[in-house]
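Residue-level listing of the chains:
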Amino acid sequence: EENKKRTTKEMEYELLDTGIFEGDRYYDITLEYAKGGPDEIWIRATVVNRGPEEKTVHLLPTLWFRNTWAWGYGIHKPILEGEKSWIKTEHTDLDSYYLHFDTPAETLFTENETDLKDAFHRYLIQKDKMAVNTHPRGTKAAVHYVVTLKPGESKTVVLCLKLDQNVQL
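Residues numbered from 1 in each chain as written. Predicted model: local features only at pLDDT ≥ 70, side-chain atom pairs only at ≥ 80, totals over all residues. Heavy atoms only, no water.

## A short note on the nonpolar core
Ranked by size, the top nonpolar core spans 19 residues in total, and within it Leu80, Ile87, Leu99, Phe101, Val143, Tyr145 and Leu159 carry the most contacts. Every element with two or more residues in this core is listed here: β2 (40-49), β3 (55-59), β7 (98-101), β10 (140-149) and β11 (154-162). Sorting elements by how many residues they give to this core places β10 first, with 5 residues. Ranked by size, the runner-up nonpolar core spans 8 residues in total, among them Ala119, Phe120, Leu124 and Val132. (Core = buried A, V, L, I, M, F, W, Y, C linked by side-chain atoms within 4.5 Å. Buried < 20%, exposed > 50% of the residue type's maximum accessible area, 1.4 Å probe, protein only. Helix = DSSP H or I, 4+ residues; strand = E, 2+ residues; numbered from the N terminus.)

Structure, rendered in structure tokens:
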């Protein structure tokens, strides 16, 4: 809306112009991806507290199947199933992969349906415990890490998506 008010001679309204970073009260989150082999992807997520006080942040690395079953592209709905340190993918047209991770606070599962895409937000922010599945199964999953960081402190989480059920993180 702000950019609509500006002329072509004025600078574009940027994120910094909003004041969101005033007082340096934000987190940096860096995601790095690396191939460990033809069927292996490593993910490193690092969060840094740039603010002046200790704060808690929720990291939610997410895995999901694109909702094509609702569009009539195939009759089989894929599934994600979880254990304490991995989530398995099951799809009739694809190999089964495993997302491996360090033990989080919890793993969350829901269905990737149009009206349920915000289930994790409803669960965490609005405290709606019914927004996620009670069993570790669904078409969308998040690995929920709760991290408290002092000013300048960082935390790194490592995940690996691969065909093999066994991995050393």
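## A word on the pattern of salt bridges
Tallying each qualifying case throughout the model produces 13 salt bridges. Here Glu40 and Lys162 are joined by a salt bridge, their closest N and O atoms 3.6 Å apart. Of this pair, Glu40 sits in strand β2 while Lys162 sits in strand β11, placing them 122 residues apart in sequence. Side by side, Glu40 and Lys162 carry an identical accessibility label, which is buried. With a shortest N-O distance of 2.5 Å, Glu81 and Arg137 are connected by a salt bridge. With Glu81 in strand β5 (residues 79-82) and Arg137 in strand β9 (residues 137-138), the pair connects residues that are 56 residues apart, well separated along the chain. Looking at Glu81, the relative accessible area reads 27%, which means it is partly exposed. Among the charged side chains, a salt-bridge network with shared partners connects Glu2, Lys5 and Arg6. (Salt bridge = Lys/Arg side-chain N within 4 Å of Asp/Glu carboxyl O.)

## A closer look at the pairing of β11
Examined bridge by bridge, β2 and β11 share 9 bridges and lie antiparallel to one another. In the sheet register, Ile43 faces β11, and the bridge partner there is Leu159. For β7 and β11, the ladder comprises 4 bridges, and the chain directions are antiparallel. Looking at the pairing, His100 lines up with Cys160 of β11. (Pairing = 2+ DSSP bridges.)

## Structural notes on the sheet that holds β11
Spatial strand order, β1-β2-β11-β7-β6-β5-β9: 7 strands in an open sheet with antiparallel pairing. Each edge of the open sheet carries a strand with a single partner, namely β1 (27-37) and β9. Direction of pairing for β5 relative to β9: antiparallel, over a ladder of 2 bridges. Across the sheet, the residue bridging to Glu81 is Arg137, located in β9.

## What about a nonpolar patch on the surface?
Residues Ile29, Leu31, Tyr33 and Ile41 make up a contiguous nonpolar surface patch of roughly 410 Å² in combined accessible area. The element that contributes the greatest number of residues to the nonpolar patch is β1, accounting for 3 residues. With a relative accessible area of 32%, Ile41 lands in the partly exposed category. (Patch = residues over 30% accessible without salt bridge, like charges linked within 9 Å, V, L, I, M, F, W, Y side chains within 5 Å. Areas by Shrake-Rupley, 256 points an atom, 1.4 Å probe, with all protein chains shown as cover.)

## A look at the side chain of His144
Within the secondary structure, His144 sits in strand β10. His144 gets classed as buried once you look at its relative accessible area, which sits at 3%. The contact partners of His144, leaving out residues within four places of it in the chain, are His58, Leu59, Leu60, Pro104, Ala105, Glu106, Leu108 and Leu124. (Contact = heavy atoms within 4.5 Å.)

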